[in-house]
Amino acid sequence: EELLGEDLNLSAEITSQSSSKPPNRLANATFVMLARNSDLEGTISSIRALEDRFNSRFGYPYVLLNDEPFTDEFKRRVSVLTRSEMKFGTVPKDHWSQPDWIDEEKAANARKQMELSRVKYGGSLNYRHMCRFNAGFFYRHELLQPYRWYWRVEPNVKFFCDIHRDPVRFMEENNKVYGFTIAVYEISATIRTLWGALAHDNAMGFISDDDGRTYNRCHFWSNFEIADMDFWRGPAYTAFFEYLDSQGGFYYERWGDAPVHSIAASLFLRRDQIHFFEEIGYQHDDWGHCPIPDDVWEKGTCSCAQGNSFDMDVGSCKPRWDRFIRSG
Ligand code: GDP
Ligand code: MN
């Protein structure tokens, strides 16, 4: 894989040596962003916002992944935005394709049906590859092997507030495993049999309203994630993913990486290992999180309106999360 950030990195070292403040100790973490070459402008916008609000003071590296090789133009325009190290990788073909045990006729039929019923991305094969990749493969990519922690970023997201406290070190120091900013309901049609494919004997107050009989469709919105890859790499999640993959629902339905990650985190972690980041003002497409407590909003010099925060929307699972946490 190519490494464009090398010479830029040198200047980062010089800067941090000559400044009076001692450099922050960094967690063993990286940003990870999956993007297409056509996502160039959105990628620039996300990284620019992250650097402004957080990373120019911290210097975490970036790993950018694509199912095709990134163009030189993409790499040049993105790597100029940061002094941090930036690596560009290609996803191996077998991590981005329909496994051979999938019945293509059945899968094609499912895509057609979902397209007809206007399910978002219902007709897309690529979207399914992407969900399966994010659910079970990104943390196996060779460029992520040096790291334990990741912060997932997407093109075209916004960060509204200054992030003064390193959220990854916060997680490390407080024994957190999975961090989120937004929690929502999944589209029923994409996950009809996902819940039925699970074990039936767990405590799971956030994701089920009837002691696990059915899934209430709440999930952490995975376009933002800060998490410990040791969890995904560990035996429980590995077995869980292999099993779900063998059931074919990534292709026969359109199982998203978000409900898969969220169900695993809710079933296999203690609730205190899951963390909601109040202070990270964040927007993805139409929904955003804006810090509600005034002191948090002021400290972050946030550019978002608290009243617009999705947390209070009827479509948000955040109230349910709060109730669940309060119920002890
Ligand atoms: P949404 O957030 O569910 O609406 O889906 P997105 O279109 O934002 O895709 C989620 C993530 O996967 C983003 O980081 C996209 O850039 C990336 N992505 C989606 N489809 C592809 C693809 O075909 N190729 C590549 N390289 N990235 C993709
Ligand atoms: Mn997106």
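Rules used in this analysis
What you see as residue numbers is a count from 1 along each chain, following the sequence as written. Chains carry letters and ligands carry numbers; both start at the beginning, A for chains and 1 for ligands, and go up in the order they are written. Where totals are concerned, whole chains, interfaces and linings use all residues; where local detail is concerned, this predicted model gives features only for residues with pLDDT of at least 70, and gives and counts side-chain atom pairs only at 80 or more. Derived side-chain values reflect all non-hydrogen atoms in the structure, with water molecules and hydrogen atoms excluded from consideration. Water is not among the atoms examined, so metal sites may look incomplete; donors are the N, O and S atoms within 2.8 Å of the metal, or within 3.2 Å for Na, K and Ca. Starting at the N terminus, helices and strands are each numbered in turn, a helix being any DSSP run of H or I of at least four residues and a strand any DSSP run of E of at least two. Only protein chains enter the accessibility calculation, which uses a 1.4 Å probe; a residue whose area is less than 20% of its type maximum is buried, one above 50% is exposed, and one in between is partly exposed. Put simply, a disulfide is two cysteine sulfurs that come within 2.5 Å. Every angle, taken between N-to-C directions, lies between 0 and 180 degrees, and every axis is a line fitted to C-alpha atoms, over only the stretch in contact when it is a helix. Any angle that is under 35 degrees is reported as roughly parallel, and any over 145 degrees as roughly antiparallel; angles of 65 to 115 degrees are reported as roughly perpendicular and all others as oblique. Any pair of residues with heavy atoms lying within 4.5 Å of one another is described as a contacting pair. Aromatic pairs are defined between Phe, Tyr and Trp rings, using the six-membered ring for Trp, whenever the two ring centres lie within 6.5 Å; interplanar angles under 30 degrees are classed as stacked, those over 60 as edge-to-face, and all others as tilted. Any residue with a heavy atom lying within 4 Å of a molecule or strand is counted as near it. For the purposes of these results, a polar contact is taken to be a pair of N or O atoms within 3.5 Å, where, inside protein, one atom must be able to donate a hydrogen and its partner to accept one; residues adjacent in sequence count only when each atom of the pair is a side-chain atom. Using the Shrake-Rupley algorithm and a 1.4 Å probe, accessible areas are obtained, with residue cover drawn only from the displayed protein chains. In the cavity and pocket records, a cavity denotes points on a 1 Å grid over the protein atoms alone where a 1.4 Å probe fits but cannot get out, a pocket denotes an open set with protein on both sides within 12 Å along at least 5 of 7 lines, and lining residues are residues with an atom within 4 Å of a point. Think of it this way: a molecule belongs to a cavity or pocket when more than half its atoms come within 2 Å of the grid points there. Amino acid classes used here: Ala, Val, Leu, Ile, Met, Phe, Trp, Tyr, Cys and Pro are nonpolar; Asp, Glu, Lys and Arg are charged; the rest, including Gly, are polar. The rule for pairing is simple: two strands pair if DSSP sees at least two bridges between them. A helix's residues, less one, multiplied by 1.5 Å, set its expected span. Note that the arc is defined by the directions from the helix axis to the C-beta atoms.

A.B. asks: Before we go on, may I ask you to explain the coordination of the manganese ion (ligand 2) in this structure?
C.D. replies: Six octahedral donors around a metal ideally sit at 90 or 180 degrees from one another, while four tetrahedral donors ideally sit at 109.5 degrees. Listed as protein donors to the manganese ion (ligand 2) are Glu 154 (OE) and His 284 (NE2); their distances from the metal cover 2.0 to 2.2 Å. Here the residue Glu 154 occupies a position in the loop between strand E5 (149-153) and strand E6 (158-159), and His 284 occupies one in strand E12 (residues 282-284), the gap between them amounting to 130 residues. By the burial criterion, Glu 154 is buried, and His 284 matches it.

A.B. asks: Sorry, what's going on with the state of the cysteines here?
C.D. replies: Between two cysteines, a covalent bond joining their sulfur atoms is known as a disulfide. Counted under the stated rule, the structure contains three disulfides. Linked covalently through their sulfurs, Cys 218 and Cys 317 form a disulfide whose S-S length is 2.2 Å. Here Cys 218 and Cys 317 share a disulfide; its torsion about the S-S bond, -85 degrees, makes the bridge left-handed. With Cys 218 in strand E9 (residues 218-220) and Cys 317 in the loop between helix H11 (294-299) and helix H12 (318-326), this pair connects stretches of sequence that are 99 residues apart. Here Cys 290 is linked by a disulfide to Cys 304, with a sulfur-sulfur distance of 2.1 Å.

A.B. asks: Is there a simple way to explain the packing of helix H5 (residues 125-136) against helix H8 (residues 235-247) in this structure?
C.D. replies: Any two packed helices are characterised by the angle at which their axes cross and by the distance between the axes. In contact at an axis separation of 10 Å, H5 and H8 are set at 155 degrees when each is read in the N-to-C sense. Classified by the angle their axes make, H5 and H8 are roughly antiparallel. Counting all contacts with H5, which are made through Arg 132, Ala 135 and Gly 136, the residues of H8 involved are Tyr 237, Phe 241 and Asp 245.

A.B. asks: What is the right way to read the packing of aromatic side chains from this model?
C.D. replies: One pair of aromatic rings is described through two measures. These are the centre distance and the angle between the planes. The final tally for this structure, using the stated rule, is 40 aromatic pairs. Look at Phe 180 and Phe 220: their rings are 4.4 Å apart centre to centre, the planes differ by 35 degrees, and that puts the pair in the tilted class. Of the two residues, Phe 180 is situated in strand E7 (residues 178-180) and Phe 220 in strand E9; the sequence distance between them amounts to 40 residues. Residues Phe 180 and Phe 220 agree in their burial class; the two are buried.

A.B. asks: Hey, could you run me through the site of ligand 1 in this one?
C.D. replies: With respect to spatial proximity, 15 residues lie near ligand 1, and among them Leu 34, Ala 35, Asp 67, Tyr 121 and Tyr 127 are the closest. Backbone polar atom of Ala 35 to a nitrogen atom of ligand 1: 2.9 Å apart, as the coordinates give it. For ligand 1, an oxygen atom lies 3.1 Å from a polar atom in the side chain of Glu 154. Contact with the protein chains covers 88% of the free accessible surface of ligand 1, which is 560 Å². With respect to the detected pockets, ligand 1 is housed in the largest pocket. Of the residues forming the shell around ligand 1, the biggest block, three residues, is contributed by H5. Tallied by class, residues from the shell around ligand 1 come to seven nonpolar, three polar and five charged.

A.B. asks: For this particular structure, what's the right way to read the pairing of strand E3 (residues 62-66)?
C.D. replies: Remark: a regular strand shows side chains that alternate across the two faces of the sheet. For E3, the buried fraction is high: five of the five residues fall into the buried class. Neither face of E3 is exposed, since Tyr 62, Leu 64 and Asn 66 on one face and Val 63 and Leu 65 on the opposite face are all buried. As defined by bridge partners, strand E2 (residues 29-34) adjoins E3 across four bridges and the pair is classed as parallel. Paired with Phe 31 across the two strands is Tyr 62, which belongs to E3.

A.B. asks: Looking at this structure, I do not really get helix H4 (residues 104-116). What am I missing?
C.D. replies: With 13 residues, H4 ought to run about 18 Å at 1.5 Å a step, and its terminal C-alpha atoms sit 18 Å apart, in line with that. When H4 is considered as a whole, its buried residues turn out to be Ala 107, Ala 110, Arg 111 and Met 114. The arc that holds every buried residue of H4, seen down its axis, measures 100 degrees, which confines them to one face. Across H4 from its buried face, at more than 90 degrees, point the exposed residues Glu 105, Lys 112 and Leu 116. Looking at the buried residues of H4, the elements they touch are H5 and helix H9 (249-252). The backbone nitrogen of Glu 105 has a side-chain oxygen 3.0 Å away, supplied by the residue at the start of H4, namely Asp 103.

A.B. asks: Teacher, can you tell me more about H12 here?
C.D. replies: Note: α-helices contain 3.6 residues per turn, so residues at a spacing of three or four share the same orientation. If you check which residues of H12 are buried, you get Lys 318, Arg 320, Trp 321 and Phe 324. Buried residues of H12, viewed axially, fall in a sector of 155 degrees; they line one side. For H12, the secondary structure elements touched by its buried residues are E7, strand E8 (183-185), E9 and strand E11 (274-276). Directly after H12, the chain includes Gly 328, whose backbone phi takes a positive value near 65 degrees.

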